[in-house]
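Each chain, written out:
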Amino acid sequence: MKNAVFAVSLLIASTSFAHAGLMGSGVTANYHYATYGSILHTETSTVAASNEWVNPTGFPGDWDAFDYIDIGDDYIHFDYKDDACCRWNNTSYNGFEFIFDSGVLADLAAVSFSANTDDYVDSMLSWVDDTLFVNWQGGNITGVDSVHINLTFASIPAPASALLLGLGLVGLSLRRRNK
């Protein structure tokens, strides 16, 4: 019996967890201004190890504010051009809508800005299904070089680990039955 308890404990302890994330998924970025639905610009990309958009034109509108926009497995990073000096207009919607492949954000648990000294607050961030919204609405970018958004995904058991655990339990029950 001690061996069985030890084997089950070992299997449970070795169960790894898969990390849901954005790498490899397709993404469409829409920039809305004045109201949600008034799209100024749209770009598409695949989330990879490099920056998704370098010197993007049209984000936002004719004011090319970004050196690059990088989406990683668990973050979105905006790097502003040196001359980005103003406040975002306080309209009902002034920001991005990131639409990811179906199911990519299914395990998203939280979205937050990295620590900043400006007017960026987590309430500017939200998501529904596979769409992430970043509404700058009045955020202050004076003197800000970049903004980093953290995405936290729930840990889910890896299918192979769950299978190993199940096989171990079946083996233990068969061993016990044969005794």
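Attention in this report is confined to the structure presented alongside it.

Cut-off values and rules
- Residues numbered from 1 in each chain as written.
- Predicted model: local features only at pLDDT ≥ 70, side-chain atom pairs only at ≥ 80, totals over all residues.
- Heavy atoms only, no water.
- Pairing = 2+ DSSP bridges.
- Helix = DSSP H or I, 4+ residues; strand = E, 2+ residues; numbered from the N terminus.
- Buried < 20%, exposed > 50% of the residue type's maximum accessible area, 1.4 Å probe, protein only.
- Lys, Arg positive; Asp, Glu negative; His and termini not counted.
- Salt bridge = Lys/Arg side-chain N within 4 Å of Asp/Glu carboxyl O.
- Polar contact = N/O pair within 3.5 Å; in protein donor to acceptor, adjacent residues only side chain to side chain.
- Contact = heavy atoms within 4.5 Å.
- Axes fitted to C-alpha atoms, helices over the stretch in contact; angles between N-to-C directions.

1. Re the sheet that holds strand β4 (residues 53-54)
Neighbouring strands of a sheet are bound in pairs by backbone hydrogen bonds; such pairs are parallel or else antiparallel. Spatial ordering of the open sheet is given by β4-β5-β6-β11-β8, a layout of five strands whose pairing is antiparallel. The open sheet is flanked by β4 and β8 (108-113), the only strands paired with a single partner. Sheet topology note: the strand β5 (residues 66-71)/strand β6 (residues 75-80) ladder contains five bridges and is antiparallel. Bridging from a neighbouring strand, D70 pairs with H77 of β6.

2. Section: the side chain of D130
Here D130 is to be found in the loop between β9 (125-128) and β10 (131-135). Buried charge D130 goes without a salt bridge, the closest partner of opposite sign being K81 at 30 Å. Of note is the side chain of D130, whose polar atom sits 3.1 Å from the backbone nitrogen of V104. The residues contacting D130, other than those within four sequence positions of it, are F98, I99, F100, D101, S102, G103, V104, L105 and A106.

3. Observations concerning the sheet that holds β9
On the basis of which strands lie adjacent, the open sheet formed by five strands has the order β3-β2-β7-β10-β9 and antiparallel pairing. Of all strands in the sheet, those with a lone pairing partner are β3 (39-46) and β9, marking the two edges. Across the sheet, the mean angle separating the axes of adjacent strands is 20° when strand polarity is ignored. One ladder, built from four bridges, connects β9 with β10; its direction is antiparallel. By the bridge assignment for β10, V128 is matched with T131.

Read these as layout, nothing more, since geometry by itself doesn't imply function.
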